[in-house]
Structures are given as structure tokens and as C-alpha cells.
Amino acid sequence: MLERMEGADNGLACLHDEDYDVPFNKQNLNSSTLIFTGGRKAESLNGEWNFCVDLLDTGLRQKWFSFTPEAPEDKTEPYDYDPYAGETVPVPSCWSMLKDKWYFFEGSAWYTRPLDLEELPEDERLFLRVGAAQYDCKVFLNGEFLGSHYGGSTPFNVELTKHAKLGRNWLMLCVNNTRTLDRVPMRNTDWFNYGGIYRDVELYRTPKTFISDFFAYLVPDNSYDKIAVELQVSGPGRASVTVEFKELGIKTEVSVDEDGFGKLVLPARPELWSPEHPRLYQVTASVGEDRVEDMIGFRQIEQVETDVLLNGKPIFFRGISVHEDDEFTGKVLRDEDLEQRFQHAKELNCNFMRFAHYPHDERAAKMADREGILLWEEIPVYWAIDFKNPDTLKDARNQLQELIKRDRNRASVVIWSVGNENPDTDERLSFMKHLVDTARDMDPTRLTSAACLVNHAKNRIEDRLIQYINVIGINEYYGWYEENFEDLIDFLDNSEPGKPVVISETGADGYIGEGKLEKGFFSESYMAEVYRKQIATLRQREFVKGISPWILYDFRVERRQNMFQQGWNRKGLIASDKKTKKTAFKLLADFYAELKAKN
């Protein structure tokens, strides 16, 4: 078993080969292979999977994926891991939350499960969809390597059609959450590095010819009387696609070119989607035996000088930032947790949420559509990314493309953010401009943003990226990391951004557990005082068009370890139990209620 390398001269070569990962690092599962699944029937592959952590990547070196099922007594050689027997874990889950010994584990882990196929019709195609696996995921079927995906928070597909067989198949995923300098995000982050397959794993069946991408939107020309449809068809015999907006009385054909792409602009006057009136329409598309559908809202968002206009009217973002984190499940999002998140946002009188610092579960954006909450969605171009590295840009761009393809039918999503707190260097500017251009090329209906840094030497907004984005995100912690609160007033007075500013982060830690302080840093009273001062100051600045304080819930993070943090960021308006509200919660809710009453 030791030696499974072609051309090797001894049985230990695989243990010393440091290029073992090269054949498996194709990143061929990416935005180009992501397929549209709206309205399709999913076969869940969630449940118990065989599992093994593999810190030294012995599995790739020794090719565990090539093993075949055998009873222990029948094996003809010793083995370090049996993919078909032993420990199991639930999928979806984060391994950090399952056992103490895996809490800080970073490395590879292997997941294996049977895939029983009772029939394989010749006129069907078979696709695996992984909602998210943190971070690098390699896919094997029946011992054959099918591809790999980079990105811990976006979905990917792999076609199994030519590799699956009738009867029992074995599906194996190798997931690696190691932080490296060339990934997005890189090694140093300010949220917990969970590992594992933490969103749904599903199987989809399609006809030979099927609709692989679909996008419908209100044409953003201020007329509110046209809907555009963009789509792609994969497979033979793809002359046209039937698209129907039944409630609008529209049924039409969209022609596709030789590459399967089609676009059509239709006259239509839908009721406009807004937080006060979150109107959604059922839209269907069909070609041959294939049919997809989605619930889509139509609205226009635009930036005009220092204003943000929704359907032609100025809007102020009454927001809150949110991490995807739970005290017991980590990044796994339960339905009840999602419902609670939106209930708390409503109690705060929010019309806006910032989903930080990576793509959240797609169910959240769908709920935002129904509940009338505007969204800022972003990719984890966070802190000191390797902006000089073309592979890092490739990773970031693909995550942005996957996020946009996944969520661009969601009316609630109004901002694509391409980064957070990055130093203003030439390499960073080129990197970020490339991402902004990518977002605009793929989606002409949304604004772009980034959480920019404050120039503390000049105490003003000064970032070269702002000339390329629509909305300037500013993370400011005056009264906390910047202890002199009066500097916030000077900072605002010194700035003439010429574009709308959203205070994308502000706040302070407030610990309310055993041993809590009654005053000073990390006390609930100090946190509340920071909120009082922030509210009083920000309400007076005309170019500030939104606030999303940091953050709705306390969340887990490795780097914060003082006696009040103990591995948690305590800036949540609600404690980590997601029930206990801090004093600042009501302060913000009252402020937003006042703003809501004025608009």
C-alpha cells in the first residue's frame, strides 16, 4: 500500500514527495461548471459519512481514494485508513464542533459514502452539488479523481454522468481548511476557521440538453418598463428557450446562439420590489424536457452623487452586520437560526444587513427576498491578501463569479462588496478594480462597494479605490480601537467623499457573562455609551447613507483571548446564545425606529 506512484523506485517515495498535491489541484470545478438549480428536484446526500482527519495528507500520498471495499480479514496488506468503515460524522457539519480533539484542527479530512443508482437513463445527466466545503475540496468517484474546488463559502458542481455506474458507487471528498498565504482569505483572519462540508450535498438529474444558467432583471434605465432575460443552455438541440412570467401575462421564446447563450429584453411593468412591498414573481424557463423556475423580485438600485436610490427614491440603510456562526453548530445554518436572525433584524427596525465576510448560505438571501431586507454580500478579500499573486486573483474572481451566479436573481441583494480593510497599494488597487469590473460585467443591476480604510494620519476618507466603486464602506471604531471619540467628528468634517458612505462597521465589545465589568472597556455600559455617541454623531452627516454596526451576535474567533473574550468577539448586540440582548440593542432599535418614521 505504501507505493502507488507510477515510476517510483522504492516504497517510501510517496512519503517524501512534496508535489503530491499538484495532480489534484486543478480548480476545474468553478463558476464555469456551476449550474442553475432553481426548481429542480434535489436528491439529498446529507447524513452520516465515513470520516478521517489526515493532517499529513497521507491519503493523497498513498491514494486512499483507490482502495476498494474489503472485509478486514480479507485484506492482503496493512492499511492506515479504511474509507469504507470506521468513524462517521454528519453532513453537513463542522468538524470543529463535533469533538474537542478536532476543535483547532487544520488540514485534510476524508469523507466517504455510498451512492446507489438504480437506473442510469441514457437521456439524463447526473450532477453533484456541494453547497460549501471549507476550503479546498477534491472529488473522487469510484477511485477516479474528478476535480477540485477552491473557496470555502460558495457552491460547486461536478458532472458524474460519464463516471457513475449502475448499482453501488463510492463518493469520496477530501476537504482541506489549511490557511495559506495565497488563498482568499489568507492566513490571518478575524473569524473562526471552521473545517468540513457544512452545507447541503445534493444530486441533480437533468436531460441531455438543459438550462445551465438563468438571470432575469429589471432593466436599470429608470423606465421601469422592461425586463431582461439572460440564459445559457448546455447540450445539443438548443434553438430556443420558452420563458414565462405568468402573473405578468408574458410567454416568449429566447433564441440561443451556437454557444448556448441567449438574451432578450421584454416590455413589462411589474410591481416593484422594496422592503415595504417585497413582491416576487414566479418565472419559469423550459427547453425540451428541461424546466427551471425561480421567485424573482424586480427593482432598481442606483447611486446618484451622494445618494442611493431604490426605485428612484432616496434610501437610508438601517443595517446590522452578521457573521455565519453558531455556538453549537459553527457555520451550519439551521432553519430556526435563520428565522431568528431575521426576527432580530426586524426588532432592530432594520431594512438592511451586511453579510460578512464571505458568502452566506443561499437560504438567507431567499429569506431576505421574502422579508424585505436589503443585503450587502461580499467575498473574503480580507486584510493583507497576496495582491501580487495572479493565483490569488484567480481565486477571488472565481468566488465572486460563483456568488453572483448563485444570487443575482435575489432582489434583496443590492451591493456586491469586493473587499474589507485592505491597505491602499498599487497592487491592491489593480486587484480590486479587476473584481469591480468583473461584478459589473456579470451584473449591471447592483452597486459595488468595499470596506475601505480610514487615513488616520490625515483623519479623512482617502482611498484610491473609491473612484471605482459606488458606495464607500467605512469601518470606524472611534471610541474603541480609536480611543479618542472626538476624532470621529474631525474625520467626518475632513471628508468630502462625493459618493454615499455606509458605516459598514462600528461598535465595541460588551461582555455580560460571569465576572463582567460594570464600567470601562469590555463592559456593557461602555459599549452602550459608544453607541450613544456614534448615533448622535452619524445622524448629522449628509453623506452617510447607511450604518451596519458590528455585529448582531457574539461570534467565535481564535485570535481574541483575553479574560472577557475567551475565544469570542463580544461586540454582538446579542450574546452568543442568540437570546440575551445587550443595552445597545434597544439604543439602535430606537434610533432606527426614528429614522423609519421619517421616511
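Preceding this paragraph is the structure being described.
Residues numbered from 1 in each chain as written. Predicted model: local features only at pLDDT ≥ 70, side-chain atom pairs only at ≥ 80, totals over all residues. Heavy atoms only, no water.

## Description of the overall build of the protein
- Secondary structure assignment for the protein yields nine helices and 34 strands.
- Here the C-alpha atoms of the protein give a radius of gyration of 25 Å, agreeing with the 25 Å that 2.2 N^0.38 yields for 599 residues.
- Dimensions of the protein along its principal axes, counting C-alpha atoms only, are 75 × 65 × 45 Å.
- Going through the 599 residues of the protein one by one, you find that 60% of them count as buried.
- The contacts in the protein between residues at least 6 apart in sequence include a share of 73% that link residues at least 24 apart. (Helix = DSSP H or I, 4+ residues; strand = E, 2+ residues; numbered from the N terminus. Rg over C-alpha atoms; globule rule 2.2 N^0.38 Å. Buried < 20%, exposed > 50% of the residue type's maximum accessible area, 1.4 Å probe, protein only. Contact = heavy atoms within 4.5 Å.)

## A word on the sheet that holds strand β10 (residues 167-176)
- With antiparallel pairing, six strands are arranged side by side in an open sheet as β3-β2-β4-β10-β7-β8. A strand with exactly one partner marks an edge of an open sheet, and here the two such strands are β3 (88-91) and β8 (144-150). Sheet twist, expressed as the mean angle between neighbouring strand axes with direction ignored, is 30°.
- Note that strand β4 (residues 108-117) and β10 share 10 bridges and pair antiparallel. Note on β10: the bridge partner recorded for Pro 114 is Trp 170. (Pairing = 2+ DSSP bridges. Axes fitted to C-alpha atoms, helices over the stretch in contact; angles between N-to-C directions.)

## Considerations on the sheet that holds strand β9 (residues 156-159)
- Strand order in this open sheet of four strands is β1-β12-β5-β9, and the pairing throughout is antiparallel. Since the sheet does not close on itself, it has two edges, and those belong to β1 (42-44) and β9, each with one partner. For this sheet the average axis-to-axis angle between neighbouring strands, irrespective of direction, equals 30°.
- The pairing of β1 with strand β12 (residues 201-207) spans three bridges and is antiparallel. Its bridge partner being in β12, Ala 42 is matched across the sheet by Tyr 204.

## Quick notes on helix α5 (residues 390-407)
- The end-to-end C-alpha separation of α5 is 26 Å, in line with the 26 Å expected for 18 residues at 1.5 Å each.
- Extensive coverage of α5 is indicated by the burial of 13 of its 18 residues.
- The N-cap residue of α5 is Asn 389: its side-chain oxygen and the backbone nitrogen of Asp 391 are 2.8 Å apart. (Expected span 1.5 Å × (residues − 1). Polar contact = N/O pair within 3.5 Å; in protein donor to acceptor, adjacent residues only side chain to side chain.)

## A word on the pairing of strand β15 (residues 240-245)
- Direction of pairing for β15 relative to strand β16 (residues 250-255): antiparallel, over a ladder of six bridges. Paired with Thr 242 across the bridge in β16 is Glu 253.
- From the end of β15 to the start of β16, which pair antiparallel, there are four residues, and Gly 249 there has a positive phi angle of about 70°.
- Note: β15 against strand β18 (residues 281-287), three bridges, orientation antiparallel. From the neighbouring strand, Val 243 faces β18, where its bridge partner is Ala 285.

## Examining the pattern of salt bridges
- One pass over the full model with this rule turns up 52 salt bridges.
- Lys 138 serves as the salt-bridge partner of Asp 136, at 2.7 Å between the closest nitrogen and oxygen. Across the pair, exposure class does not vary: Asp 136 and Lys 138 are buried alike.
- As a salt-bridge pair, Lys 582 and Asp 554 come within 2.9 Å of each other at their nearest N and O atoms. Of this pair, Lys 582 sits in the loop between β34 (568-569) and α9 (583-598) while Asp 554 sits in the loop between β32 (544-547) and β33 (555-556), placing them 28 residues apart in sequence.
- A relative accessible area of 3% means that Lys 582 is categorised as buried.
- It is possible to trace a salt-bridge network through shared partners that takes in Arg 199, Glu 324, Lys 331, Asp 335, Asp 361 and Arg 363. (Salt bridge = Lys/Arg side-chain N within 4 Å of Asp/Glu carboxyl O.)

## A word on the environment of Ala 228
- You can see Ala 228 is positioned in strand β14 (residues 226-234).
- With 37 residues separating them along the chain, Ala 228 and Val 265 place their C-alpha atoms 4.3 Å apart.
- Apart from residues lying up to four places away in sequence, Ala 228 is in contact with Phe 215, Ala 216, Tyr 217, Val 219, Leu 264 and Val 265.

## Thoughts on helix α4 (residues 362-371)
- Regarding α4, the residues found buried are Glu 362, Ala 364, Ala 365, Met 367, Ala 368 and Asp 369.
- Downstream of α4 by a residue or two, Gly 372 has a phi angle that is positive, lying close to 75°.

## Some words on the environment of Phe 214
- Mapping Phe 214 onto the fold places it in strand β13 (residues 210-218).
- The residues contacting Phe 214, other than those within four sequence positions of it, are Phe 36, Val 229, Glu 230, Leu 231, Val 243, Val 283, Ala 285, Ile 296 and Asn 409.

## Focus on the side chain of Gln 27
- Its location among the elements puts Gln 27 in the loop between α1 (13-16) and β1.
- Take Gln 27: its relative accessible area is 15%, and that puts it in the buried class.
- Polar side-chain contacts of Gln 27 include one of 3.4 Å to the side chain of Asn 25.
- Apart from residues lying up to four places away in sequence, Gln 27 is in contact with Ser 148, Tyr 150 and Lys 394.

## Side note on the environment of Asp 200
- Structurally, Asp 200 can be placed in the loop between β11 (196-197) and β12.
- For the pair Asp 200 and Val 332, spaced 132 residues apart in the sequence, the C-alpha separation amounts to 9.5 Å.
- Excluding its chain neighbours within four sequence positions, the residues that come into contact with Asp 200 are Asn 46, Pro 92, Arg 129, Val 130 and Gly 131.
- Within the structure, the side chain of Asp 200 is placed 2.9 Å from the side chain of Asn 46, a separation counted as a polar contact.

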